[in-house]
Amino acid sequence: MAWFRKDKTPRQPRRERLEIPPDTWEKCEACGHTDIRDKFLRNLNVCPACDFHRRVRAWDYAAMLLDEGSTVEVGSELRSVDPLGFPEYPARLKRALTNAGDSDAILTVAGLLEGLPVGIGIMDFAFMGGSMGSVVGEKIARLGQRSLEKKHPLVIVCASGGARMQEGILSLMQMAKTSAVLSQLAERRIPYISVLTNPTTGGVSASFAMLGDAILAEPGAVIGFAGPRVIKQTLGQDLPEGFQTAEFLLEKGMVDQVVHRKELRDTLSRLMRHMTGRPAAAGHVQES
């Protein structure tokens, strides 16, 4: 009987292709773990598989540390120029501004960290490797001067390959310039905390990065002056395993504490309140 039979019609193949946005997935540079980008972001850009601390853009780092709605940029009008007429430097600056934004290699802001007023400088490795030029030194000096006037603690998050070679001796002068303003903070007992991220090298590590009243570092961060290849050639011997990592420097007493990124905000708050004699923030429990 016809009504008990079901005519089988061939199924038409699905021609529509589902396109996945290219920025949906992220891959860890250390272990190769691939995961959804949102998962990396929720984990503060730390790999959920190997705990590798990936680089973070300056504004994103500021959002991690400062209370929402309290951020005010300082020195945003400063721009790098080409004082020495270095070949191709203006073109490189133009590309860096296009790709990395207009904050040069450091973002300087004022705001509240768990209700505590603070000035924070955050270096951005995406802008010419976080290299320290005249603008970086001037921004740090102005932020330090603001801390002197208002008696607010200062925090600098370092991420740099060192001095900017395109500005020659002018970039090296920033080492003395930033160190001078930090010495004034020390004289007036205004706290300065340095946070070392991956990498912190060259003239930055030889100046303001290592002058903090407290020196913190992210896990696995590479910290040093010259590269391991140069040091190995100079010494003529093999270097210890893990040389120039945050954990190695902690063991040798060059770093005060290695702090996971998810704990950095609370650690900075406790340190600054202890240094300024302020009571602990609400919600912090005193350990017996």
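Provided above is the structure to which this section pertains.
Everything numeric in this text was worked out from a predicted model, so none of it was measured.

Peer 1: Just to check I follow, could you spell out unusual backbone geometry for this structure?
Peer 2: Peptide bonds are trans in most cases, and residues, glycine excluded, mostly fall at negative phi. Along the chain, Asn198 connects to Pro199 via a cis peptide bond; the corresponding omega equals -5 degrees. Residue placement: Pro199 occurs in strand β7 (residues 192-200). Backbone geometry places Asp51, a non-glycine residue, at a positive phi of 70 degrees. Overall, Asp51 belongs to the partly exposed group, its relative accessible area being 38%. Non-glycine residue Glu114 carries a positive phi angle of around 55 degrees. Structurally, Glu114 can be placed in the loop between β4 (106-113) and β5 (116-123). Judged by its relative accessible area of 19%, Glu114 falls in the buried class.

Peer 1: What's the story with the side chain of Arg261 in this structure? I'm lost.
Peer 2: Secondary-structure assignment places Arg261 in helix α9 (residues 261-276). A distance of 2.7 Å separates a polar side-chain atom of Arg261 from the backbone oxygen of Arg54. Beyond its immediate chain neighbours, meaning those up to four positions away, Arg261 contacts Leu44, Asn45, Val46, His53, Arg54, Val56, Tyr61, Met64 and Glu218.

Peer 1: How should the side chain of Arg54 be read in this particular structure?
Peer 2: Positionally, Arg54 belongs in the loop between α1 (37-42) and α2 (58-65). Of the residues examined, Arg54 reaches a relative accessible area of 8% and is grouped as buried. Here Lys27 takes part through its backbone oxygen, which lies 3.4 Å from a polar atom of the side chain of Arg54. One polar contact links Arg54 to Glu29, side chain to side chain, over a distance of 3.0 Å. Excluding residues within four positions of it along the chain, Arg54 makes contact with Glu26, Lys27, Cys28, Glu29, Phe40, Asn45 and Arg261.

Peer 1: Explain the sheet that holds β4 to me, please; I cannot follow it from the model alone.
Peer 2: What holds strands together in a sheet is hydrogen bonding between their backbones, with the strands either parallel or antiparallel. Read from one edge of the open sheet, 7 strands run β3-β4-β5-β6-β7-β8-β9, paired in mixed fashion. Sheet topology places β3 (72-73) and β9 (257-258) at the edges, where each strand pairs with a single neighbour. Inspection of the sheet shows β5 paired to strand β6 (residues 154-160) by 4 bridges, in the parallel sense. Its bridge partner being in β6, Ile120 is matched across the sheet by Val155.

What counts, and where the lines are drawn
- Along each chain, residue indices are assigned from 1 in the same order as the chain's sequence is written.
- Local features in this predicted model are restricted to residues whose pLDDT is 70 or higher, and side-chain atom pairs enter the listing and the counts only when it is 80 or higher, whereas totals over whole chains, interfaces and linings include all residues.
- Side-chain metrics rest on all non-hydrogen atoms present in the structure, leaving aside hydrogens and water.
- Helix and strand labels come from DSSP, where a helix needs a run of H or I of at least four residues and a strand needs a run of E of at least two; each type is numbered from the N terminus.
- Accessibility here uses a 1.4 Å probe with only protein chains present; expressed as a share of the type maximum, an area under 20% marks a residue as buried, one over 50% as exposed, and anything in between as partly exposed.
- Pairing of N or O atoms within 3.5 Å defines a polar contact, subject to two protein rules: one partner must be a possible hydrogen donor and the other a possible acceptor, and residues neighboring in sequence count only if both atoms are side-chain atoms.
- Any pair of residues with heavy atoms lying within 4.5 Å of one another is described as a contacting pair.
- One bridge is not enough; two strands pair if DSSP finds at least two bridges between them.

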